[in-house]
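Here are the chains, one letter per residue:
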Amino acid sequence: MKLKNPPVNSLSLELLTELVISLEKLENDKTFRGIILTSGASPAGGCLISLTCDYRVLADNPKYVIGLNETLLGIIAPFWFKDTLMNTIGHRASELALQLGILFPPAEALQVGMVDKVVPEDQVQSTALSVMAQWLSIPDHARQLTKNMMRKPTADRLVKHRDSDIQNFVSFISRDSIQKSLQVYLGKLRQKKG
Amino acid sequence: MKLKNPPVNSLSLELLTELVISLEKLENDKTFRGIILTSGASPAGGCLISLTCDYRVLADNPKYVIGLNETLLGIIAPFWFKDTLMNTIGHRASELALQLGILFPPAEALQVGMVDKVVPEDQVQSTALSVMAQWLSIPDHARQLTKNMMRKPTADRLVKHRDSDIQNFVSFISRDSIQKSLQVYLGKLRQKKG
Amino acid sequence: MKLKNPPVNSLSLELLTELVISLEKLENDKTFRGIILTSGASPAGGCLISLTCDYRVLADNPKYVIGLNETLLGIIAPFWFKDTLMNTIGHRASELALQLGILFPPAEALQVGMVDKVVPEDQVQSTALSVMAQWLSIPDHARQLTKNMMRKPTADRLVKHRDSDIQNFVSFISRDSIQKSLQVYLGKLRQKKG
């Protein structure tokens, strides 16, 4: 499955719907493993999608930054983003990453544990394939139950608080001050791109 | 206390009974500290025993691998193995180690935090003794209460879910498919040993 | 805000009262960030104060050790010291640090994550200022809510168990054996200082 709408895959409603349909199909494919290969920047939602995967391979290009940069936009990463990040890089590193909205370049992403492997851009696909081969060699049923044991508490917490989280987010994001803060950020981005 | 039945200390009922009796005796010895020195491979249950110790010293020999390799056998590490591993090496490293059933050689075991020290094989015992001396120099009552504060939640969780965990395990391990999977694994081991 | 009563800032009732008043004033200052710069040793309570900060800068001087050394005094770090340490350096490192009462010199403190930066003594202040500038550049409201999301569970737990914790501590510290243990430790300190 490839997200390709260069130069940017914005998480539009259309893209997300496509993604959900593709993932539902994949779930019925017994050989599915969630390995993500990233040749591109993964801020905010893109970072979260990669964190939910089993393994992250990132192309070694300083342009490809990854992180939950919500505070830079004046908003707050949802608690289930935070939970998922903490499971991946631990409490203290998450605290710094989330408060400062850090977007990690490849070497830093690897060091903090945000990604599992950094390889030259032309080896991303072959590396992902060889990692995938290793995962496929593990008895599938046992691996899936083990994964479930590790990740279910976090998923359960999301499902349990899902409705209140949506309500909080909608009321927060609708505030005038927040809308203004988002406009400032988007303005800066546009300026940067010339 | 030494487990010596070279080349392999299988966790037979006999060995486990002996172990429990020895541990109960040791608990009454006020100077007891749980330092494990390993010259040998520690898969699955052997790894768990070492994780429950205060400190792990491993001989630097690539044959001495350590890890929870349950998935490779087609089975699942119990939740209290998982809890103990997570306390030792963190959430993300546990996820990889458990799903892939990784058996870490000494250098990798040290890097991920599965052991605390790796030394040449002939220095395992002297290293353990000097580590032990450091632990013995700490006021005992305060150290024990501190250890209890760190480990009690995990132990309590095991005790609370003990009966259901036993039932789950027995019913899981009795399934035809699982028995078959174990036979395949043991067959491979035998083949490997010639 | 500077604590300066060289050579030692003991946490006397007077100092603590002053500290609380200063912190309450600072809380009303919107630009407040908790960055600590340490030129001095931070044992026990001093370490806890630094752990509650957002960022820790330590002068590179082997005399400036930092850690929760309660066991060495024959006492036990309170659970909320333990929680705060675990959030900073993880479970396993906390277990070793607390049981052995480790006081980390700068390089080790940095490696285990007890501090975030170690710099030459004459650069402590300038480093803290430049770190502070980075934190000030983040939209403030979003950063504060994010910090709250990370730290509130730990603070809530302290508040919830505060009364019983005080009672436990008072009854523990009043015991003859503990008073004796403290006297021994203080005696050693005096001897060391000549």
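Values in this document were obtained by computation on a predicted structure and should not be read as measured data. (Residues numbered from 1 in each chain as written. Chains lettered and ligands numbered in written order. Predicted model: local features only at pLDDT ≥ 70, side-chain atom pairs only at ≥ 80, totals over all residues. Heavy atoms only, no water.)

1. Some details on the overall build of chain A
Selection criterion: Here a helix means four or more residues in a row that DSSP labels H or I, a strand means two or more in a row labelled E, and each is numbered from the N terminus. Residue exposure (1.4 Å probe, protein chains only): buried if accessible area is under 20% of the type maximum, exposed if over 50%, otherwise partly exposed. Note that accessible areas follow from Shrake-Rupley with a 1.4 Å probe, and for residues the cover is restricted to the protein chains shown.
When you go through chain A residue by residue, the secondary structure sums to eight helices and five strands. Scanning chain A from its N terminus toward the C terminus, one meets helices and strands in the order α-β-β-α-β-β-α-α-α-β-α-α-α. Taking all 194 residues of chain A together, 43% fall into the buried category. When the accessible area of chain A is evaluated, it comes to approximately 11100 Å², of which 57% is carbon and sulfur surface.

2. Observations regarding the relation of the copies chain C and chain B
Rules: We superpose the copies by least squares over the C-alpha atoms of residues that have a pLDDT of at least 70 in both of them.
Expressed as a screw operation, the relation of chain C to chain B combines 0.0 Å of axial shift with a rotation of 120 degrees, fitting to an RMSD of 0.0 Å. On the angle and the small slide along the axis, the relation comes out as a three-fold axis. When C-alpha positions in chain C are compared against the rotation axis, the closest is assigned to C:Gly90, at 4.3 Å.

3. Points about the pairing of strand β3 (residues 55-59) of chain C
Counted residue by residue, β3(C) has five buried out of five residues, so it is predominantly covered. Burial of the side chains of β3(C) extends over both faces: C:Tyr55, C:Val57 and C:Ala59 are buried on one face and C:Arg56 and C:Leu58 on the other.

4. Examining the packing of helix α3 (residues 79-89) of chain A against helix α7 (residues 140-173) of chain A
Residues and elements named next belong to chain A. Threshold: The axes are straight lines fitted to the C-alpha atoms, using for helices just the contacting stretch, and the angles between their N-to-C directions are given from 0 to 180°. When an angle is under 35 degrees it counts as roughly parallel; over 145 it counts as roughly antiparallel; between 65 and 115 it counts as roughly perpendicular; any other value is oblique. Working rule for handedness: look at the near helix, and if it is turned counterclockwise from the far one by less than a right angle, call the crossing left-handed; if clockwise, right-handed. The contact rule is simple, with two residues in contact once any of their heavy atoms fall within 4.5 Å. Three classes are used, and their members are as follows: Ala, Val, Leu, Ile, Met, Phe, Trp, Tyr, Cys and Pro are nonpolar, Asp, Glu, Lys and Arg are charged, and the others, Gly among them, are polar.
Running from N to C, α3 and α7 point in directions that differ by 160 degrees, and their axes come no closer than 9 Å. Compared by their axis directions, α3 and α7 come out roughly antiparallel. Between α3 and α7 the crossing geometry is right-handed. Between α3 and α7, the residues in contact are Phe 79, Trp 80, Lys 82, Asp 83, Thr 84 and Asn 87 and Thr 154, Arg 157, Leu 158, His 161 and Asp 165, respectively. Of the residues belonging to the contact of α3 with α7, the class tally is three nonpolar, four polar and four charged.

5. Some remarks on the interface of chain A and chain B
The cut-off we apply is this: Summed over both partners, the accessible area (1.4 Å probe) lost when two parts come together is defined as the buried area. Salt bridge, as used here, is a side-chain nitrogen of Lys or Arg placed within 4 Å of a carboxyl oxygen of Asp or Glu. Each polar contact in these results corresponds to two N or O atoms within 3.5 Å; when the atoms are within protein, one needs to be able to donate a hydrogen and the other to accept it, and residues that are neighboring in sequence are counted only if both atoms are side-chain atoms.
Listed as interface residues are 19 residues of chain A and, on the opposing side, 20 residues of chain B. Summed over the three residues of chain A that lose the most area to chain B, namely A:Thr146, A:Met149 and A:Met150, the buried surface amounts to 34% of that side. Linking chain A to chain B there are two salt bridges. Here A:Arg151 and B:Glu95 are joined by a salt bridge, their closest N and O atoms 2.8 Å apart. In this structure, the connection of chain A to chain B is made through seven residue pairs in polar contact (both at pLDDT 80 or more). Those elements that provide at least two residues to the side of chain A that touches chain B are β3 (55-59), α3, α6 (124-136) and α7 of chain A. For the side of chain A that touches chain B, the leading source of residues is α7(A), giving nine residues. Partitioning the side of chain A that touches chain B into residue classes produces eight nonpolar, five polar and six charged.

6. A closer look at helix α3 (residues 79-89) of chain C
Residue pairs spaced three or four apart in an α-helix point in one direction, given the helix's 3.6 residues per turn. Burial analysis of α3(C) places eight of its 11 residues in the buried class, the great majority of the element. Those residues of α3(C) lying buried are C:Phe79, C:Phe81, C:Lys82, C:Asp83, C:Thr84, C:Leu85, C:Thr88 and C:Ile89.

7. What to know about the state of the cysteines
Note the following rule: The term disulfide is used for any two cysteine sulfur atoms that are within 2.5 Å.
As enumerated under the stated definition, the model contains zero disulfides over all chains in all. Not part of a disulfide, B:Cys53 finds its nearest cysteine sulfur in B:Cys47, a span of 11 Å.

8. Examining the interface of chain C and chain B
Counting from both sides, the interface comprises 20 residues of chain C and, opposite them, 19 residues of chain B. Its largest share of buried area at the contact with chain B, chain C owes to C:Arg92, C:Gln99 and C:Leu100, together 39% of the area lost on that side. Linking chain C with chain B are two salt bridges, by the criterion used here. Remark: the boundary between chain C and chain B carries seven residue pairs in polar contact (both at pLDDT 80 or more). Contributing elements (two or more residues each) for the side of chain C that touches chain B: α3 and α4 (91-100) of chain C.

9. Some remarks on the environment of C:Glu108
All names here are of chain C. On the secondary structure map, Glu 108 appears in helix α5 (residues 106-112). Under the relative-accessibility criterion, Glu 108 is labelled partly exposed at 39%. Sequence separation between Glu 108 and Ala 142 is 34 residues; the distance between their C-alpha atoms is 33 Å.

10. Section: the packing of α7(A) against helix α4 (residues 91-100) of chain B
Close contact between α7(A) and α4(B) brings their axes to 9 Å; oriented N to C, the two are set at 165 degrees. Considered as vectors, α7(A) and α4(B) are oriented roughly antiparallel to each other. Between α7(A) and α4(B) lies a crossing whose hand is right-handed. Contacts between α7(A) and α4(B) involve A:Arg143, A:Thr146, A:Lys147, A:Met149, A:Met150 and A:Arg151 from the first element and B:His91, B:Arg92, B:Ser94, B:Glu95, B:Leu98 and B:Gln99 from the second. In terms of residue class, the contact of α7(A) with α4(B) is built from three nonpolar, four polar and five charged.

11. Here's the deal with the packing of aromatic side chains
All names here are of chain B. Under the convention used in this document: Two rings belonging to Phe, Tyr or Trp (six-membered ring only in the last case) form a pair when the distance between their centres is within 6.5 Å. Interplanar angles under 30 degrees mark stacking, angles over 60 mark edge-to-face geometry, and anything in between is tilted.
Inspection of the entire model under this criterion finds three aromatic pairs over all chains. Pairing Trp 80 with Phe 81 gives two aromatic rings, centres 4.8 Å apart and planes at 75 degrees, and the pair type is edge-to-face. For Phe 81, a relative accessible area of 9% translates into the label buried.

Scope: geometric values only; no functional claims are made or implied.
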